Amino acid sequence: MRRHPLILAAVVLSLLGAGLASMREPARAQPRKLKVHISVDMEGVAGVVTADQLSPTGFEYARFREFMTREALAAVEAAKAAGATEVVVADAHGNGENLLIEHLPADVRLIRSWPRKLGMVAGIDDAVDAAIFIGYHAGTNNPVGVRAHTFSSANLARVALNGTNVTEGSWNAAIAGQFGVPVIMMSGDDAAIAEVRKVIGNVEAAETKRTLGFHSANSITPQASYELIRQRVRAAFGRLQDFKPHRVTGPVTVDVTFKNYMPAEVLAYLPMFERTDSHSVRFRAKDMAEASWMMSFIGEYRADLTP
Ligand SMILES: [Zn+2]
């Protein structure tokens, strides 16, 4: 940082108690650093209701990954318009290769593919000032919510943090919280928004649809979602000081219930996993980052991993 001699003088004078000097020499408008992390899932994108939109084999996937990209882009553009100087986007759905990278501006970094130790919020660190979740969905223990699941709809029936069921939104908010990063805005269906607000408070939110069932919703259109996301991101940056990091201090206890029996049996061979019932294990981690690494291991490890 360059310091103007007059500003240095003003600092010295004000340190001596001559506050008037600093009034005569107002601080010049320095470009303030504002780094934003945007985690983008797909189930909460406007119009998404089934695997037809969510998986590369679905007949509508090609169009919906474009809608997903444009929702992410709406958040990126609104963040930059509000003063963001650096934006990291994490593709946090399915294979992690959904966002159309060529649609993102040249000054954005994109986190792609798995495995990655911080999961859906990979790329977050102490330098990030604010986190945004786009396209988020409700957790697996919620009786309502389009495609409600936590981390894996195929494999997991419950994930609890310190005894309380978590959703992807509240789990990722706790990882962000460890780095001192507040979540300021999210988009998704009404159930997803209600869950996250219950845990971390009144974040700004863009409701892309109202859930009618696991595979049905009353949705706004993609065009309407881009505008709504822009508005809510703008509103969030307008009251940044209202948002506090969601800090879950370590050590933390994580309970994982599998849909199948064998993962619990085999994980319990490892001394750090306690078998708590037929389908469940418990582990402890020193903090949220370590808990995320453990969950990433549980989700990714297979003896036939290649290369
Ligand atoms: Zn997803």
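Right, let's walk through the structure included here. (Residues numbered from 1 in each chain as written. Predicted model: local features only at pLDDT ≥ 70, side-chain atom pairs only at ≥ 80, totals over all residues. Heavy atoms only, no water.)

Notes on a nonpolar patch on the surface
Just so we agree on the cut-off: Without a salt bridge and with relative accessible area above 30%, a residue can belong to a patch; like charges are then joined within 9 Å and nonpolar side chains (Val, Leu, Ile, Met, Phe, Trp, Tyr) within 5 Å. For the accessible areas, the method is Shrake-Rupley and the probe is 1.4 Å, while residue cover comes only from the protein chains on display. Counted as salt bridges are all cases of a side-chain nitrogen of Lys or Arg within 4 Å of a carboxyl oxygen of Asp or Glu. We count a stretch as a helix when DSSP gives it H or I for four or more residues in a row; a strand needs E for two or more, and each element gets its number in order from the N terminus. The rule is simple: take the accessible area with a 1.4 Å probe, protein chains only, and divide by the maximum for that residue type; under 20% is buried, over 50% is exposed, in between is partly exposed.
A contiguous nonpolar surface patch, about 480 Å² in accessible area, is contributed by Leu270, Met272, Phe297, Tyr301 and Leu305. Mapped onto the fold, Leu305 is located in the segment after helix H9 (288-300). The class of Leu305 is partly exposed, set by a relative accessible area of 43%.

Details of H9
Put simply, the rule reads: One less than the residue count of a helix, multiplied by 1.5 Å, gives the span that helix is expected to have. In what follows, a contact means two residues having at least one pair of non-hydrogen atoms within 4.5 Å.
Here H9 contains 13 residues, and its C-alpha end-to-end distance of 18 Å stays within 8% of the 18 Å for a straight helix at 1.5 Å per residue. Where H9 is concerned, the buried positions are Met288, Ala289, Ala291, Ser292, Met294, Met295, Ser296 and Ile298. Where the residues of H9 are buried, they touch strand E5 (156-161), helix H5 (168-178), strand E10 (252-258), helix H8 (262-267) and strand E12 (280-285).

Section: the sheet that holds E10
Filter applied, for reference: Two strands make a pair as long as DSSP finds a minimum of two bridges between them.
Spatially, E6-E5-E10-E12-E11 is the arrangement adopted by the five strands of the open sheet, whose pairing is antiparallel. The sheet is open, and its two borders are formed by strand E6 (164-165) and strand E11 (274-277), each paired with just one other strand. Relative to E12, E10 runs antiparallel, the two being bridged by six bridges. Its bridge partner lying in E12, Val254 is registered against Phe283.

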